[in-house]
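Below are the chains, spelled out letter by letter.
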Amino acid sequence: MGEEAPEYLVDSRDRYQSATDIGDKIYVVGGSEKSADSLVGVKIFDKLTGKWSVPTVLGTKPILSKGHSAVLLKKNQILILKRESSASDGAWFLEVDTPYVKDQKKLLGTEVVAWSKGVREHGLKPIVISGPSGVGKGTLISKLMKEYPSAFGFSISHTTRAPREKELNGVHYYFTERSLMEKDIREGKFLESASVHGNLYGTSIEAVETVTDVGKRCILDIDVQGARSVRASSLEAIFIFISPPSFDELEKRLRARGTETEEQVQKRLRNAKAEIEQGRTPGLFDHILVNDDLETCYQNLKKLLALDEIPDASYEPVIENFIVPLNHSISRKDAMIQINCNGSQSKNSTPDMFELDVSSLKGGAPGRTRGLLISSIKRL
Ligand SMILES: Nc1ncnc2c1ncn2[C@@H]1O[C@H](COP(=O)(O)OP(=O)(O)OP(=O)(O)O)[C@@H](O)[C@H]1O
Ligand SMILES: Nc1nc2c(ncn2[C@@H]2O[C@H](COP(=O)(O)O)[C@@H](O)[C@H]2O)c(=O)[nH]1
């Protein structure tokens, strides 16, 4: 039956381990001083059964070589602050029961937790572009990437379909084998995946992270099933459906592209009917653009993306060179996390108390696409 409180599981003076109590469970994060670098373990203690379990851990793990502190943010998320780290790498989240984690629990049939890194910038939402095969998604995305190479980055999907002439592995897609991709999906490495026109396609968490890590806005070219999955995930994105001016025109474009056999063209056209229908599902897409004249559609797409670029009103300037001190404790007070630096002996004369506004917490994919506005740390 019931076991002891977290204090009995982890010594509160141990800077390498933390215990966070959530409902019937206690989440223990960390290792020992020696193992902290490479082995940031997570264990779960069930207070009802008195048993420990080791969950499947998804997402990129933080390196907590100087130790960490932990505080419960919401009932499904623990904030981990890395000791002696910069503001841009200081805050991490351990998701324990977010919608994404719940999905993964069902999929994997195990306990699951997922790491995500707090992002410093108020990053613009990723853009999901969807629509039937041959409508011109790839053409529009290429134009955007060519005109704004430093602003947008393409999420390179995995697929089991064979490469077309001129398609390069790691540029257009990661071409892979079904068994390998299925294994990675089982291990929770994918944000979404779907069977499309007889092949497996999917967006890996890493594909989105790679783009957002270099500060670019991520563009996903995925089918409607994929868009639905992303919509259901915790990644906050803008969803755009590209529609053809007519079915006949779609068929003409698909045939003119000349990349599919007649049988494949037929299959894609059959699927297109359903996709166009699903594109109208209320609440699924934020915008529908008709790609009749390419240039007009492209200009409309740009207008739409510029509209979305209104800066976040909650953005506050960062304290230059803020370092989370080695010696600190954190606690939660309403929407604020208070970082008490214990009269810190920090080299850069860090003041004693900081506040970090958790109301700025953004949704996002597991990995580095979500987080607190670390820039909202301010002097008390
Ligand atoms: N507005 C347009 N008018 C005429 N042709 C177009 C237009 N937009 C794209 N195309 C052409 O239609 C063909 C299909 O376009 P594209 O490959 O970009 O489609 P897609 O939606 O990315 O398809 P898939 O989902 O199969 O990857 C290409 O040959 C492209 O040059
Ligand atoms: N659900 C996903 N759909 C994807 C992904 N990458 C591409 N796609 C979609 O597949 C079809 C066919 O693409 P093609 O390159 O074979 O013509 C198209 O609708 C793409 O949008 C993905 O990662 N997930």
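None of these values were measured; they are calculated from a predicted model. (Residues numbered from 1 in each chain as written. Chains lettered and ligands numbered in written order. Predicted model: local features only at pLDDT ≥ 70, side-chain atom pairs only at ≥ 80, totals over all residues. Heavy atoms only, no water.)

**So, the overall build of the chain**
Moving on, step 1. On a plain count of helices and strands, the chain comes out with 8 helices and 24 strands.
Moving on, step 2. Per-residue burial over the chain gives 47% buried out of 380 residues.
Moving on, step 3. The contacts of the chain with a sequence gap of at least 6 include a subset with a gap of at least 24, amounting to 60%.
Moving on, step 4. Accessible surface, the chain: about 18,500 Å² in total, of which carbon and sulfur atoms supply 51%. (Helix = DSSP H or I, 4+ residues; strand = E, 2+ residues; numbered from the N terminus. Buried < 20%, exposed > 50% of the residue type's maximum accessible area, 1.4 Å probe, protein only. Contact = heavy atoms within 4.5 Å. Areas by Shrake-Rupley, 256 points an atom, 1.4 Å probe, with all protein chains shown as cover.)

**Some details on the sheet that holds strand 6 (residues 68-74)**
Moving on, step 1. The 5 strands lie next to each other as 5-10-9-7-6, forming an open sheet whose pairing is mixed. The outermost strands of the open sheet, each flanked by one partner alone, are strand 5 (56-58) and strand 6. Taken pair by pair, the neighbouring strands of this sheet meet at an average axis angle of 25°, ignoring direction.
Moving on, step 2. Where strand 7 (residues 77-82) lies against strand 9 (residues 91-95), 5 bridges are found, and the strand directions are antiparallel. Paired with Q77 across the two strands is E95, which belongs to strand 9.
Moving on, step 3. Relative to the sheet, helix 1 (residues 99-108) contacts strand 5, strand 9 and strand 10 (112-117), its axis offset from that of strand 10 by approximately 140°. (Pairing = 2+ DSSP bridges. Axes fitted to C-alpha atoms, helices over the stretch in contact; angles between N-to-C directions.)

**Brief notes about the sheet that holds strand 4 (residues 51-53)**
Moving on, step 1. The strand order across the open sheet formed by 4 strands is 1-2-3-4, and the pairing between neighbours is antiparallel. Edge positions in the open sheet fall to strand 1 (17-22) and strand 4, since each of these has one partner strand only. Averaged over neighbouring strand pairs, the angle between their axes works out to 25° when direction is ignored.
Moving on, step 2. Where strand 2 (residues 25-30) lies against strand 3 (residues 41-46), 6 bridges are found, and the strand directions are antiparallel. Residue pairing across strands places V28 opposite K43, the latter belonging to strand 3.

**A short note on the environment of H158**
Moving on, step 1. By the element assignment, H158 lies in strand 13 (residues 158-159).
Moving on, step 2. Separated by 43 residues in sequence, H158 and Y201 place their C-alpha atoms 5.6 Å apart.

**Remarks on the site of ligand 2**
Moving on, step 1. Surrounding ligand 2, one finds 19 residues, the nearest of these being S157, R161, Y173, Y201 and D221.
Moving on, step 2. At 3.3 Å, a side-chain N or O of T203 approaches an oxygen atom of ligand 2.
Moving on, step 3. Residue assignment for the shell around ligand 2 shows that the elements contributing at least two residues are strand 15 (190-196) and strand 16 (199-204).
Moving on, step 4. Along the lines of polarity and charge, the residues of the shell around ligand 2 split into 5 nonpolar, 6 polar and 8 charged. (Near = heavy atom within 4 Å. Polar contact = N/O pair within 3.5 Å; in protein donor to acceptor, adjacent residues only side chain to side chain. Nonpolar A, V, L, I, M, F, W, Y, C, P; charged D, E, K, R; others polar.)

By themselves these figures say nothing about function.
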